[in-house]
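Close look at the chain arrangement
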Amino acid sequence: MDFGFIAGTPDERRVRAALAEGRPFGSVLIANRGEIAVRIIRTLQRLGIRSIAVYSDADAEALHVQLADEAVRIGPAAATESYLNIDAVVRAAVESGADAVHPGYGFLSENARFAEALAAAGVTFIGPGVDALAVMGDKITAKNHVSRSGVPTVPGYAGSPGRPPTDDELREHAADVGYPLLIKPSAGGGGKGMVVVEVPEDLDAGLATARRVAASAFGDDTLFIERLVRNPRHIEVQVLADTHGNVIHLGERECSLQRRHQKVIEEAPSALLESLPNGAEIRERMGRAACDAALSVDYVGAGTVEFLVSDDRPDEFFFMEMNTRLQVEHPVTEEVTGVDLVEQQLRVAAGETLSLAQDDIRLNGHAIEARVYAEDPRYGFLPATGTVLLLDEYHRRGPAPRFAGVHHSMPEWPRRLRIDSSLYEGQSIGSDYDPMLAKVIVHGEDRADALRQLDLALANYRLLGLSTNVEYLRLLLADEDVQAGRLDTGLIERKLDGFPFHEMDDTDLAFVAVLADHVGTAVRRAQSDGNGRGLGPEWGATDGWRLGVHRPRRVHATVDGAELDAFVTGDREDQTTFHRTERGHHVVTLAGGRTVRIETSQIFHGPVEATVAGERREYVLGQPRFLSPDGQVPREFTVWIGRDGWSAEVELLGREEALTRRLARLDRAEGEADPRVVTPMPGTVVAVMVQDGERVEAGRHLLSVEAMKMEHQLTAPLGGIVHLNVAPGDHVKAKAAVATIHPEDPGHEN
C-alpha cells in the first residue's frame, strides 16, 4: 500500500518505528497557523508525536510557535509568500525531518499540487489522495461525479465533462432548470460570485456579473446554474475513510446560521432533524449518501459532505460540495461522538484500519460552536485589529488551561466548555490573515441546555483590546427563531438590522468618567517627582482637595468615537497605594447638567462593580502601560471596558490633547466634515482612483485598503482638492490619515 512516502527510505523506517510504539507518526509538521495549529498540537502532544510549526514573520511570537517542539520560518507576512508557498512548506517539512504534514483547513489543505509535492519529497500528506482532491475541488466535476453514484444533486446544468458551458448553453437550459435559479462559479467558495436570478430578463446581467467576479476572485470564470432552493438549510455530514475501503459517517452538523455564506454558529446534531418524527431515517439516508460520495473518489481521511435541505420539504436533500479536509466546525462532532478527528486523520494517513465501525457511532447530547471574530458588527462587520489587553476565556472558574484549545471540564456551570483559541494577553492582532480569533464550544444534555450554556460562556468571554462579535453572537442566540430551531441561511441577513445592540447610557458614561479620573490621577502620580512632599499629604494630592467642598475634576475622553466631557467629585484616594481602600462614592456631571451618583469598587483590581440607583453592573478593564518606556505621559491613550459580551474603546485625553482637538473643531464651520480621510484599520493600499491635487466631489471613491481578505473603499468626506499621503502597495496603520481634502475657495472658478 502506498502511504505517500518512498518505500525503504528513512521516512518509511521512522513511520514503521512509530507505529510499532502505537504512534501513527514520529513527527508531524502543521502547515497552518492560529487556533487550528494549536488544536492539532494538542492531539500530537497527547499521542507523544513531535510537533513542528511553521510561521511567517507576522507570527513569530504566535502561540502555536511557542507550543510546538520545533518551529520553522517559511517567509514574510503575506500568505502568498509563506503559508501558501508550496516550495517553502515542503522545504520546511524535509529539512525538519517531518514524517507527515497536517494542512489544517484553508491555505493549502485542498491543494492537489501541494499533496503531489509532498509525495515527491517522501512526506505523507494527512488528507485524501490527489485524485479525490482534483475531483472534489471543482464543483461542476464533483456534482457530475457524485450524481453517477446515486447521490442526489440540485437540478441544474453544468455542461459536459471537460467542457464548461457557454453563456448560450446556460441560457438554453435555464428554462429547464427553472426560476428562480442560482448562478455559481465552479471554482472557489465563500459565496463569492454567486448571483440569484429571479426572472429570465435578469439572466444576461447575472451571467456577466458572476463571470467578472469569478475571474477576479479565482482566476477561473467557469459557471454553472442550478435551481434556487428557498429557505435553505445547510446540513453537512462528517465522514471518515481509511485506505482499506472502510467509510463511516459521524452524524450531521447544521450550519444554517450564516452571514454572506460564511458560517457563524454550528451545531450537532441538526435542529431540523431532531425536530422531525422521521429525522433519524433522514439522517441515515443522508449519511449513506455522504459515504457513497466518499467511496466514489476512494476518499481517505476526514471529510465533510455538504447538503442543501429545503425547510419546506426536509425529506429532500441535495449534494452541494465535499470539503476534503477538516472543517472549522469539527469540534461539535467531536463533542457529541467522543471521537478525536485529528487522531483518526493521523492513523488512517499512516495506513491503519479504522478502529470504529458505523454501529460504534452514537450521538450524545447536543453541541454548539460560536466563532469569535475580530470585527465590529455595528459598523458593517468591519475587520478589527489591536492588542489583546485582557483575556479571560474561562471566566476564572478553576485553573486556566496551560494553553488555549485544551478541553476543560468546568467545576461550575457551563459544565462542558471548550475553547479552541490561540490568543494570549499582549498579542498583536493584525490584518494579514482571517479575522477568526477563537471558537467557543459547549456540550449540553439537549439543544435548549446547550443554548443556555453557550450564552453564559459568551457573556463571560472576556477579550478586550479590539472589537469582536461576541455581543452579536449573544443577540443571535437570543433570537426567538434561533431558540426554536427555525433556521435558514438567510435568517441573519433578515434580522440583523433589528438586533438591539447595547448603546452607551448614563451609567456607562459615568463609569468612564470615574475611570478617566482614576487613570489621570494614577498617571500624574506615576510621573510625579514628589513635589509637595514634606508639606503634608494635602499639598501633594491630585484629587481636587481643598478646604471646604472638593473642586470638581474635569475629565476628557472619547467613547467609541463620541466625546465625553464631564466633571467628577468623590472620595479622596489612599495616598500610599493610589487605590481606594473601600468602595468609592462619586458624583459625575455629564453634558447638559445630568448628574449621576455612582458607587464603584476598587479600580485596577480586576472586575469593577458599579452601582447607580440600585442597579449593579460589573465592568472589566483592559489597559496598556500608563507611561511610555522613557517615562513620558502620552497626550492620549486607550483603554477598553466591557461587560456581558459588550465592549467599547475609551480614549482618555490629557488636557493638552483635549484642547488641541477642541480648537481643531472650532477651525471648521459648524456641521462641516472632517477633511482627513482616515483608514479604520491597518492594511495595504491596493488601489488609488484619483491623482494627487485632483478636484473631487464629496463621496468620490478615492482609494481601497485591503485587510483580512476584505477590501474597503475610502471616499471623500467633502468636495475640494485631494492631497494623497499614500500610494498603491503602501502599508498603513489604523486611523492613519491617507489623504486630506482641502476645500476650495467659494469664489474659485473652474
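Residues numbered from 1 in each chain as written. Predicted model: local features only at pLDDT ≥ 70, side-chain atom pairs only at ≥ 80, totals over all residues. Heavy atoms only, no water.

Structural notes on the sheet that holds strand β8 (residues 195-197)
- Strand order across the open sheet formed by four strands is β6-β9-β7-β8, with antiparallel pairing between neighbours. The sheet terminates laterally at β6 (156-157) and β8, the two strands that pair on one side only.
- On the sheet, helix α8 (residues 167-177) packs against β6, β7 (181-185) and β9 (223-227) and is oriented at approximately 10° with respect to β9.
- In this fold helix α9 (residues 203-218) packs onto β7, β8 and β9, with an angle of close to 25° to the strand it touches most, β7. (Pairing = 2+ DSSP bridges. Helix = DSSP H or I, 4+ residues; strand = E, 2+ residues; numbered from the N terminus. Contact = heavy atoms within 4.5 Å. Axes fitted to C-alpha atoms, helices over the stretch in contact; angles between N-to-C directions.)

Some words on the sheet that holds strand β5 (residues 124-125)
- Overall, parallel pairing links the five strands, which are arranged β3-β2-β1-β4-β5 in an open sheet. The strands lining the two open edges of the sheet, one partner per strand, are β3 (70-75) and β5.
- Bridging between strand β2 (residues 50-56) and β3 involves five bridges; their strand directions are parallel. Residue Y55 lies in a different strand from β3, and its bridge partner there is R73.
- Its contacts with the sheet place helix α2 (residues 34-47) against β1 (27-30), β2 and β4 (100-102), and it is angled at close to 170° to β1.

Things to note about the packing of helix α4 (residues 86-95) against helix α5 (residues 112-120)
- At a closest axis distance of 10 Å, the pairing of α4 and α5 adopts a crossing angle of 30°. Handedness of the crossing formed by α4 with α5: right-handed. Contacts between α4 and α5 involve I86, V89 and V90 on the former and, on the latter, R113, F114, A117 and L118.
- Looking at side-chain class alone, the contact of α4 with α5 contains six nonpolar, no polar and one charged residues. (Left-handed = near helix turned anticlockwise from the far one by under 90°. Nonpolar A, V, L, I, M, F, W, Y, C, P; charged D, E, K, R; others polar.)

Some thoughts on the packing of α8 against α9
- Their axes nearest at 11 Å, the elements α8 and α9 cross at an angle of 135°. Overall, the two elements α8 and α9 adopt an arrangement that is oblique. The two elements α8 and α9 cross, and the hand of that crossing is right-handed. For the pair α8 and α9, contact is made by D167, L170, R171 and A174 and by L203, D204, L207 and R211, respectively.
- Its residues placed into classes, the contact of α8 with α9 shows four nonpolar, no polar and four charged. (Parallel < 35°, antiparallel > 145°, perpendicular 65-115°, else oblique.)

Structural notes on the side chain of S601
- Here S601 lies in the loop between β28 (595-600) and β29 (608-612).
- Under the relative-accessibility criterion, S601 is labelled buried at 15%.
- In this structure S601 touches R583, P607, V608 and E609, once residues within four positions along its chain are discounted. (Buried < 20%, exposed > 50% of the residue type's maximum accessible area, 1.4 Å probe, protein only.)

A closer look at the environment of R283
- Within the secondary structure, R283 is located in helix α11 (residues 279-295).
- Separated by ten residues in sequence, R283 and L273 place their C-alpha atoms 7.1 Å apart.
- With residues near it in sequence (within four places) discarded, R283 still touches E252, P269, L273, E274 and L363.
- A distance of 2.6 Å separates a polar atom in the side chain of R283 from a polar atom in the side chain of E252. (Polar contact = N/O pair within 3.5 Å; in protein donor to acceptor, adjacent residues only side chain to side chain.)

Details of the packing of aromatic side chains
- Applying the stated criterion to the full structure yields eight aromatic pairs.
- Here Y83 and F107 contribute two aromatic rings whose centre-to-centre distance is 5.1 Å and whose plane-to-plane angle is 25°, an arrangement assigned as stacked. Linking Y83 in the loop between β3 and α4 with F107 in the loop between β4 and α5, this pair joins segments that are 24 residues apart in sequence.
- Judged by relative accessible area, Y83 falls into the buried class, the value being 1%.
- Feature note: the residues Y83, F107 and Y433 constitute an aromatic cluster, connected by ring pairs.
- Positioned above the aromatic ring of F381, the side-chain terminus of R259 is 3.7 Å from the ring centre. (Phe/Tyr/Trp six-rings, centres within 6.5 Å; stacked < 30°, edge-to-face > 60°. Lys NZ or Arg CZ within 6 Å of the ring centre and 35° of its normal.)

Things to note about the nonpolar core
- Grouped together as the largest cluster of nonpolar side chains are 42 residues, with contacts concentrated most on I265, V440, Y461, Y472 and L476.
- In terms of residues, this core owes the most to one element, helix α15 (residues 470-478), which gives six residues.
- Each residue touching I265, except ones within four places of it in the same chain, is listed here: E254, C255, L257, I368, E369, A370, L473, L476 and L477. (Core = buried A, V, L, I, M, F, W, Y, C linked by side-chain atoms within 4.5 Å.)

Focus: unusual backbone geometry
- With an omega of -5°, the peptide bond running from Y179 to P180 counts as cis.
- With respect to the helices, strands and loops of the structure, P180 is situated in the loop between α8 and β7.
- Phi is positive for D298, close to 50°, though the residue is something other than glycine.
- Mapped onto the fold, D298 is located in the loop between α11 and β13 (301-310).
- You can call D298 exposed: its relative accessible area is 66%.
- Of note in the backbone geometry, A613 takes a positive phi value of approximately 50° without being a glycine.
- Relative to the helices and strands, A613 is located in the loop between β29 and β30 (615-622).

Considering the pairing of strand β14 (residues 317-323)
- Burial analysis of β14 places six of its seven residues in the buried class, the great majority of the element.
- The sheet contact formed by β13 and β14 spans six bridges and is antiparallel. In the strand pairing of β14, T304 is matched with N323.
- Adjacent in sequence and paired antiparallel, β13 and β14 are bridged by six residues.

Describing α2
- In this model α2 runs 21 Å from its N-terminal to its C-terminal C-alpha over 14 residues, within 8% of the 20 Å that 1.5 Å per residue would give.
- With twelve of its 14 residues buried, α2 lies for the most part within the structure.
- For α2, the full list of buried residues reads G34, E35, I36, A37, V38, R39, I40, I41, R42, T43, L44 and L47.
- Directly after α2, the chain includes G48, whose backbone phi takes a positive value near 75°. (Expected span 1.5 Å × (residues − 1).)

Re the environment of M681
- Counting through the fold element by element, M681 comes out in the loop between β33 (676-678) and β34 (683-688).
- Sequence spacing of M681 and A736 is 55 residues, and the spatial spacing of their C-alpha atoms is 8.4 Å.
- Those residues in contact with M681 that lie beyond four places of it in its chain are L382, P383, A707, H712, K733 and A734.

So, the pattern of salt bridges
- Counted under the stated rule, the structure contains 59 salt bridges.
- Notably, a salt bridge pairs D204 with R171, separated by 2.6 Å at the nearest N-O pair. Residue D204 is found in helix α9, and its partner R171 is found in helix α8; the two are separated by 33 residues along the sequence.
- Judged by its relative accessible area of 45%, D204 falls in the partly exposed class. (Salt bridge = Lys/Arg side-chain N within 4 Å of Asp/Glu carboxyl O.)

Description of the environment of P152
- Note that P152 resides in the loop between α7 (139-147) and β6.
- You can call P152 partly exposed: its relative accessible area is 28%.
- Linking P152 and F318, residues 166 residues apart in sequence, is a C-alpha distance of 5.1 Å.

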